[in-house]
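Structural overview
Chain by chain, the residues:
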Amino acid sequence: MAPLQVYYAGLLFTPGSSLIRPGYLKNIPWVTMEPKVTDVWSSLIQTLEGHTGHVRSAAFSPDGKLVISASWDKTARLWDTSTGKQCGVLEGHTSEVHSAMFSPDGKLVASASMDNTVRLWDTLTGKQRGILEGHTSGINSIVFSPDGKLVASASLDNTVRFWDISTGKQCGVLEGHTSGVESALFSPDGKLVASASVDKTVRLWDTSTGKQCGVLEGHTSDVKSALFSPDGKLVASASMDNTVRLWDTLTGKQRGILEGHTSDINSIVFSPDGKLVVSASLDNTVRFWDTSTGKQCRVLGGHTSCVKSALFSPDGKLVASASWDKTVRLWDTSTGTQCGVLEGHTSSINSVVFSPDGKLLASASWDKTARLWDTRTRKKYGVSESHTSRVNSAVFSPDGKLVASASLDNTVRFWDTSTGKQCGVLEGHTSEVHSAMFSPNGTLVASASVDNTVRLWGTLTGKQCGVLEGHTSDVKSVVFSPDGKLVASASSDCTVRLWDVSTGKQCAVLEGHSMAVNLVVFSPDGMLVASGSFSGTVRLWDTPTGVQCGVLQGHTSGVRSVVFSPDGKLVASASWDHTVRLWDTSTGEQCGIFKGHASSVTSAVFSPDGKLVASASADKTVRLWDTTTTATIEIIETHDGIHIMKFSNDGTHLHTSHGILQLKSSLHSAGNHKLAHTSTHSLYVTDQWITCNMKKLLWLPVDYRLSCSAVNDTANLIVIGSASGRVIFLSIDFTALPAAYLQPSVNVAVTASKSFLGYKFPPVGYC
């Protein structure tokens, strides 16, 4: 589809120690600053990308040649483990797919969905072979019997059902649970099924008769899973009561209570020889238990968030644990020591599974990917100078010489834009940092955090020069006044607070909002403050006195953005209710509603002359509106949601959090509407691509994709903050680009073929 761009990406993002990199990277003359990359190849072999929703589970085929993944995007997908290519999309479910599994011979796939059905698929062709209907609520899990003749499904309708694979007919309904069933599992000989339920019990069922032959009671909270030992003589159950319990399958009696976890237990697994049980918990630990004594024999600590699942390798020598800290960790079962950290996922990991030969590990994540790892290399790779968690915001200093990045790792970091090197780590916050903002003269940075504080930092020294304390809940946003003497902060405690920058003292508490305040902004002259709230109101405040001077009511949902017009006479507010509204600051009256977006509006901004408003929405469009008539002027397809925008000084471009968008139309002070001609080129970052003038320039590998970005058109510099914590710098030399990239290519859809100020637009579509 784009071989040259992918070739460039292969060179730019190849690890630093690769022999390919120094020999061929010189063939990209238009890149003047290279992104910082990993030093060595990691254990990651393939990233299986294609799902558009969270991946709930992954499973290998019996021969290890395929992986099946189940997702909230209503599909299951087949992948070739040798190439990573998608070789089948199993479509038909009308709701989230929670589980998918191969039959013992690998010829069939069964998928379970919240649409109340199980579907059977032919592995070779991907065609649907049957729909198993009967459940009256969503299905949590499915499992094939050892001989492959039956499928058992566990449902929120409180039942487990058996299905005959050859006929597709229901051949048993196991009723008795009084609440939803989380999971069901066949015994190794296929004669029993164990089901785990929210009703705090595990039940045993005879597969030949469908009759209940045991109720395993004792847990004091929901049972998440149950598992047979390899010889079928024991059942282990994991519960939200923080315990694992062992049961005798013959008598149904409790054989042991495995206590030690301090929070809910998500999963359990027996070792291949049945001598150990491993449990994964919300307390961030994995624990080993001796099945003969019930005693805890190891606690594996290292994860920084809850552990979702754990699994033994086929030979029993390794345990893999999957966590919401975005890592998979490998542990040596003989010593309990960690022998590998598999990093790369950009969101929580739901499950892991070993291939039949134990050489590969597959992980399923909320980042919409499944990944394959080599269990033999166990390499941990790293990029020096990076955040250790998601980057929330990146912003240039006024002179463009610095970038400040704010992260979930509780830090703000400074980066030198000329070199891309980190020149300061601002540590002090005790929780996630939402955003950071430079002062107008660039000598200070203010950071807003979940720890309820705003902190001031000197950009020259990197030292903390003030902790602004007073908020009683997380601070959502922070902004400097135009003269840099004040800071305003908006908080979930329903207040806005004004602070004196020179002293760090609080000089006003602006109270009146009834819900969390999302954002705050000063008027151009600094005499007013506007704040937007989850309640759907905007409030105006007099800066010198802190007195409320207006309540702007009309939105039917929370306000996401507020901005003053250049002359300060109007305020535009953008909301989750899909609208932008205009308000007169002198009267507080609404003077316009912009309707047309199909989803929440994330940002709004005035043109330099105040005659246009641009709004960005989660519907992946930017719209231009006439402030006088409220008519739509243009619709720009962006392919991604934009959260920050401003017009260029001449009104011909929009500078956004994803890059620069060229506008086809602009209003000039003379009142003429014409196609703008400019030497500025549009640099824009989408989910997978960096584009120039809307043409694909460079493909971004999964681990380098943006959670936030900033583009400096003066230096042609792109800064990408990723979900993995990396901050990437890439500089483009336009003079070295092929001529085709330098031709303006405006990606604009216009609402109607009507003339506007004498200019006739074409019909809706791409121009």
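Refer to the structure presented above.
Residues numbered from 1 in each chain as written. Predicted model: local features only at pLDDT ≥ 70, side-chain atom pairs only at ≥ 80, totals over all residues. Heavy atoms only, no water.

For Thr125, the location among the structural elements is in the loop between strand E9 (117–122) and strand E10 (128–133). Taking relative accessible area as the criterion, Thr125 reaches 49% and is therefore assigned partly exposed. Separated by 38 residues in the primary sequence, Thr125 and Cys87 have C-alpha atoms spaced 9.2 Å apart. In terms of polar contacts, Thr125 uses its side chain to reach the backbone amide nitrogen of Lys127, at 3.2 Å. (Helix = DSSP H or I, 4+ residues; strand = E, 2+ residues; numbered from the N terminus. Buried < 20%, exposed > 50% of the residue type's maximum accessible area, 1.4 Å probe, protein only. Polar contact = N/O pair within 3.5 Å; in protein donor to acceptor, adjacent residues only side chain to side chain.)

All right, on to the environment of Gly130 then. Mapped onto the fold, Gly130 is located in strand E10. Among the residues examined, Gly130 registers a relative accessible area of 19% and is labelled buried. Linking Gly130 and Gly168, residues 38 residues apart in sequence, is a C-alpha distance of 6.3 Å.

Residues Leu4, Tyr7, Ile20 and Tyr24 make up a contiguous nonpolar surface patch of about 400 Å² in total accessible area. Going through the elements one at a time, helix H1 (3–12) and helix H2 (20–24) are the ones with two or more residues in the nonpolar patch. Topologically, Tyr24 is positioned in helix H2. Judged by relative accessible area, which is 44%, Tyr24 ranks as partly exposed. (Patch = residues over 30% accessible without salt bridge, like charges linked within 9 Å, V, L, I, M, F, W, Y side chains within 5 Å. Areas by Shrake-Rupley, 256 points an atom, 1.4 Å probe, with all protein chains shown as cover. Salt bridge = Lys/Arg side-chain N within 4 Å of Asp/Glu carboxyl O.)

A few words now on the pattern of salt bridges. What the rule picks out here adds up to 18 salt bridges. The salt bridge involving Arg245 is made with Asp241; its shortest N-O contact spans 3.8 Å. Arg376 is paired through a salt bridge with Asp374; the nearest N and O atoms lie 3.3 Å apart. Assessed through its relative accessible area of 55%, Arg376 is described here as exposed.

Ordered in space as E19-E20-E21-E22, the 4 strands form an open sheet in which the pairing is antiparallel. Edge positions in the open sheet fall to strand E19 (223–228) and strand E22 (254–259), since each of these has one partner strand only. Each strand of the sheet is rotated relative to its neighbour by a mean of 20°, with strand direction disregarded. (Pairing = 2+ DSSP bridges. Axes fitted to C-alpha atoms, helices over the stretch in contact; angles between N-to-C directions.)

We now examine the side chain of Thr652. With respect to the secondary-structure elements, Thr652 resides in the loop between strand E58 (645–647) and strand E59 (653–656). By relative accessible area, Thr652 is classed as buried at 4%. Within the structure, Thr652 has its side chain in polar contact with the side chain of His653 (distance 2.8 Å).

Below, the discussion takes up the packing of aromatic side chains. According to the stated counting rule, one finds 11 aromatic pairs in the structure shown. Taken together, a centroid distance of 5.2 Å and an interplanar angle of 75° make the contact between Tyr8 and Trp30 edge-to-face. Here the residue Tyr8 occupies a position in helix H1, and Trp30 occupies one in the loop between H2 and strand E1 (31–33), the gap between them amounting to 22 residues. Trp30 sits in the buried class, given a relative accessible area of 2%. Taking the centre distance of 5.5 Å and the plane angle of 20° together, the rings of Phe534 and Trp576 count as stacked. Linking Phe534 in the loop between strand E47 (528–533) and strand E48 (538–542) with Trp576 in the loop between strand E51 (570–575) and strand E52 (580–584), this pair joins segments that are 42 residues apart in sequence. For Trp576, a relative accessible area of 33% puts it in the partly exposed group. (Phe/Tyr/Trp six-rings, centres within 6.5 Å; stacked < 30°, edge-to-face > 60°.)

Positive phi is not limited to glycine here, since Asn116 has a value of about 80°. Along the polypeptide, Asn116 turns up in the loop between strand E8 (108–113) and E9. In this structure Asn116 comes out as partly exposed when scored by relative accessible area, which is 24%. Notably, Thr630 is not glycine yet its phi reads approximately 65°, a positive angle. On the basis of relative accessibility, which here comes to 26%, the residue Thr630 falls in the partly exposed class.

Looking now at the environment of Gln128. Topologically, Gln128 is positioned in strand E10. Gln128 sits in the partly exposed class, given a relative accessible area of 33%. Between the alpha carbons of Gln128 and Val143 there is a distance of 18 Å; along the sequence they are 15 residues apart. Discounting residues that sit within four places of it in the chain, Gln128 has contacts with Glu91, Gly92, Arg119, Leu120 and Trp121. (Contact = heavy atoms within 4.5 Å.)

By themselves, these observations are geometric and do not establish any function.
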